[in-house]
Structures are given as structure tokens and as C-alpha cells.
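Per-entry structural report
These are the residues of each chain, in order.
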Amino acid sequence: QVQLVESGGGLVQAGGSLRLSCAASGSIGGINRMGWYRQAPGKQREPVARITSAGSTNYADYYADHAKGRFTISRDNAKNTVDLQMNSLKPEDTAVYYCNVENVVARRSYWGQGTQVTVSS
């Protein structure tokens, strides 16, 4: 019964920044992961970043090579949100960005509808 809604996408010039947000409704529960994927036209969907919650501890356990040093993932467990701060954006970052939530113990996975990010040269 988990629903995800992404926001924060838009049009930005190369070198600019965007902050994506994902709000989850419903109870996720247990050990869970929240992350971001992206899919460019004509390409496969690929992971961007992931952050895991176990008890009261949050830890980022994945960044794609292209995201390291430019993107930062964070989450607020009280509000059930996950954000992706994207700096120094490049035209190749243009894609639809999707929020993903996974309950590890229950083996449940949920996807948002996506938000468009367009970076102009």
C-alpha cells in the first residue's frame, strides 16, 4: 500500500543544480532502501544512488560512478522522504528520474511515476 510521488525536476543549464524529492505514503517498515534511478531516451533504466535504513541508522550504500562527487542522497525517516541533490549538472544527465523503495525483509518494491530532468548545453 505504498505510493511514491517525485518532484523537483525541470530545465536547467549545464553547471546548474536541482534537488529531487520523493514522498512515500503508507508504512514501509523493516529494513528498507530508498533510491533513485534514471532512464534517458533509447537507453535502459540505471541506478543513480541508494540509501538504506536499518533501525535508526541511515547509510548511503550506492552511488553510480557518474554521480560520485556531484550528487548527494539523503532521507528523512520521520517524513518518509528521500532527496537527491544534483550539482554540476551535465547534458548527459538528461533523463526521467524515478524514485524506488524496497522493503528487504518483505521483498516488496515500489516505483514512482518519474520526474523529468533536462540539462541544456
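Being a predicted model, the structure only gives us computed values, none of them experimental. (Residues numbered from 1 in each chain as written. Predicted model: local features only at pLDDT ≥ 70, side-chain atom pairs only at ≥ 80, totals over all residues. Heavy atoms only, no water.)

1. Details of the packing of aromatic side chains
Scanning all chains against the criterion turns up one aromatic pair. Between Tyr37 and Trp111, the ring centres sit 4.9 Å apart and the planes meet at 65 degrees, which makes this aromatic pair edge-to-face. Of this pair, Tyr37 sits in strand S4 (residues 32-39) while Trp111 is found in strand S10 (residues 108-111), placing the two residues 74 residues apart along the sequence. The exposure class assigned to Tyr37 is partly exposed, which follows from its relative accessible area of 25%. Trp111 sits in the partly exposed class, given a relative accessible area of 38%. (Phe/Tyr/Trp six-rings, centres within 6.5 Å; stacked < 30°, edge-to-face > 60°. Helix = DSSP H or I, 4+ residues; strand = E, 2+ residues; numbered from the N terminus. Buried < 20%, exposed > 50% of the residue type's maximum accessible area, 1.4 Å probe, protein only.)

2. Things to note about the side chain of Thr115
Looking at where Thr115 falls in the secondary structure, it is placed in strand S11 (residues 115-120). Look at Thr115 and you get buried, because its relative accessible area is 10%. A distance of 3.2 Å separates the side chain of Thr115 from the backbone nitrogen of Gly9, its partner in a polar contact. Discounting chain neighbours no more than four positions away, the residues touching Thr115 are Glu6, Ser7, Gly8, Gly9, Leu20, Ala95, Val96 and Tyr97. (Polar contact = N/O pair within 3.5 Å; in protein donor to acceptor, adjacent residues only side chain to side chain. Contact = heavy atoms within 4.5 Å.)

3. Some details on the nonpolar core
In terms of nonpolar packing, the biggest core is built from 29 residues, with Leu4, Trp36, Val48, Val82, Leu84, Met86 and Tyr97 touching the most fellow members. Every element with two or more residues in this core is listed here: strand S3 (18-25), S4, strand S5 (46-54), strand S7 (71-76), strand S8 (81-86), strand S9 (95-103) and S11. The contacts of Leu4, once residues within four sequence positions are left out, are Cys22, Ala23, Ala24, Cys99, Asn100, Val101, Tyr110, Trp111, Gly112 and Gln113. (Core = buried A, V, L, I, M, F, W, Y, C linked by side-chain atoms within 4.5 Å.)

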